[in-house]
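# Topology and contacts: notes
Listed here are the chains, written in short residue letters.
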Amino acid sequence: MRERGETEARGCRMPRMPILKGKRALVAGIASKRSIAWGIAQCLRREGAEVGLSALPGRLFERAQAFGQELDAPFCLPLDVSSDESISEAFAQLGKAWPRLDILVHSIAYAPGDNLAGDFAGSVSREGFRIAHDISAYSFAAMARAAAPLMPDGGALLTLSYSGSTRAVQNYNVMGPAKASLEAVTRALAMDLGKRGIRVNALSPGPVKTLSAAGIPNFRKMLRYYEGASPLRRNVSLEEVGNAAAFLCSELASGITGVVLPVDAGMNAVGLAFPD
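So, here's what we can say about the structure. Quick caveat, the model's predicted, so the values are computed rather than measured.

### Some points on the nonpolar core
- The biggest cluster of nonpolar side chains holds 37 residues, and the ones touching the most others in it are V27, I30, L44, V51, L53 and L203.
- Among the elements of the structure, β3 (24–28), α1 (36–46), β4 (50–55), α2 (59–70), β6 (103–106), β7 (155–160) and α8 (238–248) are those that each provide at least two residues to this core.
- Setting aside residues up to four positions removed in sequence, V27 forms contacts with A37, A41, L44, V51, G52, L53, S54 and V105.

Written as structure tokens, this is what we have:
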């Protein structure tokens, strides 16, 4: 057993080197201070990364600009991932600001609200299915294509999934197939970009109170269920998701790519569970 003095000196913890010192990270998809993207951006910054932001033009972009000031962000880019032209323009601007990019965090998902209520077969429309896959899955591939030239010495790409990709979740509806597609995109990008030293992974957090989650019917019931049924008997925090993101984007995870990492208080490890 290690002696206390090996890790602490005179009752004080030894200083720890930030694991992302000197890295440059673009976090795409901050919608509010309750968004997972915000939690990740804060943790990347805490770990020494310089963090730039992007957001959908309009009200969300104005919010992101204000949030960027708290992170000392050098820029906030307008980015509409449904437009190849917008993606090209955003990364052209990024290339002028930074000579290289080390980390890209893709925290973007969308489906029309009427495709998230009721029965799957009855509510999911052809157009809703197309939009959900375009914005939530294809956009990661499109952004990876734009980011790769800015990572000549390698880098890390990270996206956000959910267990609805592999399990039927009531009221998640069209987002389930969209997240399954996103995870397939993650594996394909990992295979293709690995030879360039670029790692590609995904996080799969448990339910977190975010702006987008507010659009899922009965979300509060889902939170209560996870709290009672997960092995840790609680939900996860934005900081815990952000910490996992910082790890996957750091050299500590240099041998990890093509992985979907659950951050869900252990819920992925259990079957049907009943609260105590």
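Now that the structure has been shown, we can carry on.
### What about the sheet that holds β4?
- With respect to topology, 7 strands assemble into an open sheet ordered β5-β4-β3-β6-β7-β8-β9, the strand pairing being parallel. If you trace the sheet from one side to the other, it starts and ends with β5 (76–78) and β9 (260–263), each paired once. Ignoring which end each strand starts from, the neighbouring axes of this sheet average 20° apart.
- Pairing of β7 with strand β8 (residues 198–205) involves 6 bridges; the strand directions are parallel. When the bridges of β8 are listed, A156 appears paired with R199.
- The strands touched by helix α6 (residues 175–193) are β6, β7, β8 and β9; relative to β8, the strand with the most contacts, the crossing angle is about 160°.

### Concerning the packing of aromatic side chains
- A complete count under the given rule lists 3 aromatic pairs for this structure.
- Both rings, one in W38 and one in F67, keep their centres 5.3 Å apart while their planes meet at 50°; by these two values the pair is tilted. Placement of W38 in helix α1 and of F67 in helix α2 is noted, with a sequence separation of 29 residues between them. F67 carries the same exposure label as W38, and that label is buried.
- Between Y162 and Y172 the ring centres are 5.0 Å apart and the planes differ by 65°, which places this aromatic pair in the edge-to-face class. With Y162 in the loop between β7 and α6 and Y172 in the loop between β7 and α6, the pair connects residues that are 10 residues apart, well separated along the chain.
- On the basis of relative accessibility, which here comes to 8%, the residue Y162 falls in the buried class.
- Judged by its relative accessible area of 9%, Y172 is buried.

### With respect to the packing of helix α5 (residues 126–147) against α6
- Interaxial distance between α5 and α6 falls to 9 Å at its minimum, and their mutual angle equals 20°. Taken together, the axis directions place α5 and α6 in an arrangement best described as roughly parallel. The chirality of how α5 crosses α6 is right-handed. Between α5 and α6, the contacting residues are F129, A132, H133, S136, A137, F140, A141 and A144 on the first element and M175, P177, A178, S181, L182, V185, T186, L189 and L193 on the second.
- When grouped by side-chain class, the residues that make up the contact of α5 with α6 number 13 nonpolar, 4 polar and no charged.

Criteria and thresholds
Residues numbered from 1 in each chain as written. Predicted model: local features only at pLDDT ≥ 70, side-chain atom pairs only at ≥ 80, totals over all residues. Heavy atoms only, no water. Core = buried A, V, L, I, M, F, W, Y, C linked by side-chain atoms within 4.5 Å. Buried < 20%, exposed > 50% of the residue type's maximum accessible area, 1.4 Å probe, protein only. Helix = DSSP H or I, 4+ residues; strand = E, 2+ residues; numbered from the N terminus. Contact = heavy atoms within 4.5 Å. Pairing = 2+ DSSP bridges. Axes fitted to C-alpha atoms, helices over the stretch in contact; angles between N-to-C directions. Phe/Tyr/Trp six-rings, centres within 6.5 Å; stacked < 30°, edge-to-face > 60°. Parallel < 35°, antiparallel > 145°, perpendicular 65-115°, else oblique. Left-handed = near helix turned anticlockwise from the far one by under 90°. Nonpolar A, V, L, I, M, F, W, Y, C, P; charged D, E, K, R; others polar.

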